[in-house]
Amino acid sequence: MLTSKQVVRAALIASSVIAVAAGSALAQSSATFPGVQVRTALQINVDGRTLTMPPSALQQIAPCRLVSTLAADNFGNGWGGPAFAPNESRMYAANGTMNAGSWVNPCANAVPNDAVAIAVMVRALNATGNGSLSLINVWSATLLPILNFSPAGETSAQGGVMLTNSIFGVYAKDAGTDVTIDVVGYFIEDPLGNVTGPKGATGAIGATGDTGPIGPTGPTGAVGPTGATGPEGVTGPKGDTGPEGVTGPKGETGPKGETGPQGETGPQGETGPKGDIGPKGDTGPKGDTGPKGETGPKGETGPKGETGPQGETGTQGAPGLNGTTGPQGATGPGVTVGSHVRTLSDSGTLTVFDSSITATSIVLVNYVHGSGPDPLAIVSQGVGSFVVSGSKNKDFIYVVLNPSP
């Protein structure tokens, strides 16, 4: 069972803790009772600065499993496997409906949307070597170490992490491991935090504390796996060919017309009388050729036989049924996007190491809290890192765009 002291000690610095149950004060209690709220003021160190949250209340809930990379748990994409690889980080949503298709996260709607932090139980098992797990405050990229693990067996610890837009991160350093995370409670803004008591005497001003070291830069969030391509739709059967139409009967040939009578031959001209044979004189002129007899009239052409009727056209066969179109496969993602916040150093430059940056990546940068006196620009970019320059100690966000395979 997670105790109030352990939550504050493992995750955040508490300036005061007051447990309230049934109207009675339980001072210095190390136990946590179901339904009890633990009120506290939470602080966290970010880049040498101390950020203080508004007065908050820890509400315990029945534990639910938010994250599991174990194959036996069969968690949906976004909260499930595979196991963490060495030096891999992942971002997780901690409230809302939290579903992947028909699968619903056991912690769905267990943490309200206005929660500022969650209390968790973290477990590492099946490790590939010696390493550690840290929780990540996404906005400040601050690592909160929670446990060390080894291949010897299972390791567990309890702690907490602030939420930014309901998101937090997990980082596995130096070795791979399976991870489970159970949510046991959440922090909300304390409804009694604005109740003002009598003003006490002003205490003496304490000495200024030394500036803490700048926290490490959080790892880059992992790119989610590419969704599987949906199956190809089945081709529907080919429709049957309709029957061929019947050929109509051939029309009858009409009778041949009769041959007309041959015209009469004209009469032959009369032969003239033979003359006496006299002395052979000069050859007389050739007599005229008698007229040619008239050609008889041409016989009449018989009437043309009637054309027989055209045969009827057979009926057209019915069209076959159209095959059913199979469902279209799901479209895979085209571009993966990762965004992260960093802070420029005192010199105004910073080298950012990010394993998701490849030779084809596009990296965009912009100031988070307004521009500084110096423009923000990428000086150089390589595989796995880039160098940026701008105004010193200014926060900036960078976005990595990668084409999906």
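Above this note sits the structure.
From a predicted model like this one, the values you see are computed outputs, not experimental measurements.

**Student:** Can you break down the nonpolar core residue by residue, with the values?
**Tutor:** Leu66, Ile118, Val122, Leu133 and Phe168 are the most contacted members of the largest nonpolar core, which totals 38 residues. For this core, the elements supplying multiple residues, two or more each, are strand S5 (56-68), strand S9 (117-125), strand S10 (131-137), strand S11 (142-149), strand S12 (155-162), strand S13 (167-173) and strand S14 (178-189). When neighbours within four sequence positions are excluded, Ile118 is seen to be in contact with Ala94, Val111, Gly159, Gly160, Val161, Leu163, Phe168, Gly185, Tyr186 and Phe187. Judged by nonpolar contacts, the second largest core, of 12 residues, contains Leu350, Phe386, Val388 and Val400.

**Student:** Describe the pairing of S9, and please don't skip the residues or the numbers.
**Tutor:** Consecutive side chains along a regular strand alternate between the two faces of the sheet. Most of S9 is tucked away: 8 of the 9 residues are buried. Here S9 pairs with S12 via 8 bridges, running antiparallel. The partner of Ala124 across the bridge, within S12, is Thr155. In this sheet, S14 lies alongside S9 in antiparallel orientation, the contact comprising 9 bridges. Residue pairing for S14: Leu125 is matched across the bridge by Asp178.

**Student:** Let's hear about the packing of aromatic side chains: which residues, and what values?
**Tutor:** One pass over the full model with this rule turns up 4 aromatic pairs. With 5.2 Å between their ring centres and 70° between their planes, Phe386 and Tyr398 make a pair best called edge-to-face. Here Phe386, found in strand S19 (residues 385-389), pairs with Tyr398, found in strand S20 (residues 395-403); they are 12 residues apart in sequence, far enough to count as distant. Of the residues examined, Tyr398 reaches a relative accessible area of 0% and is grouped as buried. Feature note: the residues Phe75, Trp79 and Trp103 constitute an aromatic cluster, connected by ring pairs. Sitting over the ring of Phe84, Arg90 keeps its end group 4.2 Å from the ring centre.

About the cut-offs
- Residues numbered from 1 in each chain as written.
- Predicted model: local features only at pLDDT ≥ 70, side-chain atom pairs only at ≥ 80, totals over all residues.
- Heavy atoms only, no water.
- Core = buried A, V, L, I, M, F, W, Y, C linked by side-chain atoms within 4.5 Å.
- Buried < 20%, exposed > 50% of the residue type's maximum accessible area, 1.4 Å probe, protein only.
- Helix = DSSP H or I, 4+ residues; strand = E, 2+ residues; numbered from the N terminus.
- Contact = heavy atoms within 4.5 Å.
- Pairing = 2+ DSSP bridges.
- Phe/Tyr/Trp six-rings, centres within 6.5 Å; stacked < 30°, edge-to-face > 60°.
- Lys NZ or Arg CZ within 6 Å of the ring centre and 35° of its normal.

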